[in-house]
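# Results of the structural survey
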Amino acid sequence: MQFEQFPTQALMNITPRPALVFVRGEGSWLWDHAGKRYLDFVQGWAVNSLGHSPAALAEALAAQARLLVSPSPAFYNQPSMELARRIVAHSPFQRVFFANSGAEANEGAIKLARKWGALRLGGAHEIITFTDSFHGRTLATMAASGKAAFRPLFEPKVPGFPKAALNDLAAVERLITPRTAAVMLEPIQGEAGVIPASDEFLRALRRLTRERGLLLIVDEIQTGVGRTGKLWGFEHAGVEPDVMTLGKGLGGGVPLAALVATEAASCFEPGDQGGTFNGNPLMTAAGCAIMDAVLAPGFLANIETQGRRLTQGLKALSEKFGLGEVRGRGLLVALDLKSDIGTKLVEVAREDGLLINSPRPHLLRFMPSLNVMEDEIDRMLELLETAIHKAAAP
Ligand code: PLP
C-alpha cells in the first residue's frame, strides 16, 4: 500500500508526522508500510521496557484477554492486586491507585496533595513544582509543568503551582507559605533534556518537606521501572518520598500508570478518586509481566552496563565531532549537540533507518528498550555517526 492511500485525514492534526506508517515491531526494530526497517532508540518515548511486542507482554495480554478484561473498578480483580503487591514489595510505599496515563496519575497525585492539605494543613493547596518540568497535558498537569511553551496555552490555568528553579533549595524555601501542601518533581527532568535533580538536592528537599509537614511527590513516569538502572529513580539519592507516580514503562507499551503512596499519605476517601478503566485486569496483567522481567536477577545491573556502553560511545562521538555534554543515568541518556541541529539529525537518521528523539533543538535523547543488546547500541552509534556527517554537510 502506498502512503498516500492511508486515511491520514481522519485523524486530528496534533503533531507533524513523517510520511510513513509503522506496521510491525520486534525488540529494538520497527518496520514501516513499505517494509523498511528502523532501529528504534525512542521506543514509544521510553515506554516499551522490553522492546516492541515482546513475547512476555503478548502472552500476558492474550491469556488475560481470554479470562477477564473489565469487571469495573468497583470490584477486586487479581492482576491489579498482584501488580500493586509487586510495587509495594519493592518500594517504600504501601498503597497503589492504577491509572491509564502518566498525566492521569499526576492528576491523582495533585488531588491527593490537595486532600492532604485540606485534612492536615488547614486548607493548604499549593504544590511547588519546577521550571522546565513536564508532568502531562491535562489542564492541571500543564499548569504544574514548567514548560515554557505551555505558558500561553488554554488560559486560565489551574492555579496553585508556584515554580522554583531545579537544584535550588533556597528558591523552594522562599515559595513555602501556609498555602503549601507539597513539592513535586522529576528525579531527572526528561522532556527538558535529561536534567537531573542532584542527589544532594533530593536529600535536602526530603529533609525540608519533612520538617514542614509537606508531601514530597516524585514523578517517576519517565525514570521509574528500571529506566535509570535502579527500579525507581529516587533510589540513587537514598531518599523515601511520600508519593510516586508511574506510567510509560510500567505497562511496557500498553496504557498503564499508577499513583503510589505511603500509608500515611493515602488520604483519599471513597468518592474522591476513580475511573472506568482504572486497574483493569488486562493492563495490570501486562504490568505484572513487565515487573517480573525487570525484577529478574541481573536485569537492572544490565541496564547500567548497557547504559555505560551507550554513554561511552556517545562521549567518543562528542569528542570526535566537537559536540557537548553526554548526561543521564542508565538508559535515559542525552547528547548536547551545542547547536540547533537536532531536528535535522532526527530526519537524516530516520532516512537511514534509525529512530532518535530531539526533545530540544540542541539535544538528542536516547531511550532504547531496557533489554537493548550491545550490538544494537554499536549499530546505533554507527548510524548516528553517519547522520552527524550528513547533517554537517552543507
Ligand atoms: N511526567 C513525565 C515525567 C513524563 O515524561 C510524561 C510524559 O512524557 C508525563 C508525565 C505524562 O505522561 P503521559 O503522556 O502518559 O500522560
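Keep in mind that what you see is a predicted model, and the values were worked out from it rather than measured. Residue numbering note: each chain is counted from 1, following its sequence as written. Thresholds applied to this predicted model are a pLDDT of at least 70 for local features of residues and 80 or more for the giving and counting of side-chain atom pairs; totals over whole chains, interfaces and linings are not thresholded and use all residues. Based on all heavy atoms of the structure, the side-chain values leave hydrogens and waters out of the count.

Partitioning the protein into structural domains gives domain 1 (55-294) and domain 2 (300-367 + 384-392). Residue ranges labeled as domains rest on an automatic or database domain assignment. Placing a centre on the C-alpha atoms of domain 1 and another on those of domain 2 gives a separation of 28 Å. Residues are treated as being in contact if the distance between any of their heavy atoms lies within 4.5 Å. Facing the 20 residues of domain 1 at the interface are 16 residues of domain 2. Looking only at domain 1, the three residues that lose the most surface to domain 2 are Val-194, Arg-227 and Gly-229, adding up to 36% of its buried area. We define a salt bridge as a contact between a side-chain nitrogen of Lys or Arg and a carboxyl oxygen of Asp or Glu at a distance within 4 Å. Our enumeration of links across domain 1 and domain 2 arrives at two salt bridges. With its nearest N and O atoms 2.9 Å apart, the salt bridge here joins Glu-191 to Arg-365. Throughout, the accessible surface (probe 1.4 Å) given up by two parts as they are put together, summed over both, is called the buried area.

One pass over the full model with this rule turns up 20 salt bridges. With a closest N to O distance of 2.7 Å, Asp-292 and Arg-86 form a salt bridge. Here the residue Asp-292 occupies a position in helix α8 (residues 281-295), and Arg-86 occupies one in helix α3 (residues 78-89), the gap between them amounting to 206 residues. When a residue's accessible area, from a 1.4 Å probe over protein chains only, is under 20% of the maximum for its type it is buried; when over 50% it is exposed; and in between it is partly exposed. When its relative accessible area of 16% is taken as the criterion, Arg-86 is described as buried. Taken together, the shared-partner salt bridges in this structure form one network comprising Glu-82, Arg-85, Arg-86 and Asp-292. Under the scheme used here, helices are H or I runs from DSSP no shorter than 4 residues and strands are E runs no shorter than 2 residues, and both carry numbers assigned from the N terminus.

Moving on, we get to a nonpolar patch on the surface. Residues forming no salt bridge and having over 30% relative accessible area are the ones grouped into patches, like charges within 9 Å of each other and nonpolar side chains (Val, Leu, Ile, Met, Phe, Trp, Tyr) within 5 Å. Only the protein chains shown count as cover for residues, and all accessible areas are computed by the Shrake-Rupley method using a 1.4 Å probe. A cluster of nonpolar side chains, namely Leu-139, Leu-153 and Phe-154, defines an oily patch on the protein surface of about 310 Å² accessible area. Summarising the element assignment, Phe-154 is placed in the loop between α5 (139-144) and β6 (163-164).

Our next topic: the packing of aromatic side chains. Only rings of Phe, Tyr and Trp enter the pairing, Trp through its six-membered ring, and a pair is recorded when the two centres are within 6.5 Å. The plane angle decides the type: under 30 degrees is stacked, over 60 is edge-to-face, the rest tilted. In this structure the tally under the stated criterion is four aromatic pairs. Relative to Phe-234, the ring of Phe-93 has its centre 5.9 Å away and its plane inclined at 85 degrees; by these criteria the two rings are edge-to-face. You can see Phe-93 sitting in the loop between α3 and β4 (95-99) and its partner Phe-234 sitting in the loop between β10 (215-219) and β11 (243-246), a full 141 residues away along the chain. Relative accessible area serves as the criterion here: at 1%, Phe-93 is assigned to the buried category. The class of Phe-234 is buried, set by a relative accessible area of 2%. Relative to Phe-150, the ring of Phe-134 lies with its centre 5.8 Å away and its plane at 50 degrees, an arrangement referred to as tilted. Taken together, the residues Phe-134 in the loop between β5 (126-130) and α5 and Phe-150 in the loop between α5 and β6 connect sequence positions 16 residues apart. Here Phe-134 matches Phe-150 in class, with each residue buried. Should the NZ of a Lys or the CZ of an Arg lie within 6 Å of a ring centre and within 35 degrees of the ring normal, that charge is described as sitting over the ring. The lysine or arginine in question, Arg-24, covers the ring of Trp-31, its NZ or CZ lying 4.0 Å from the ring centre.

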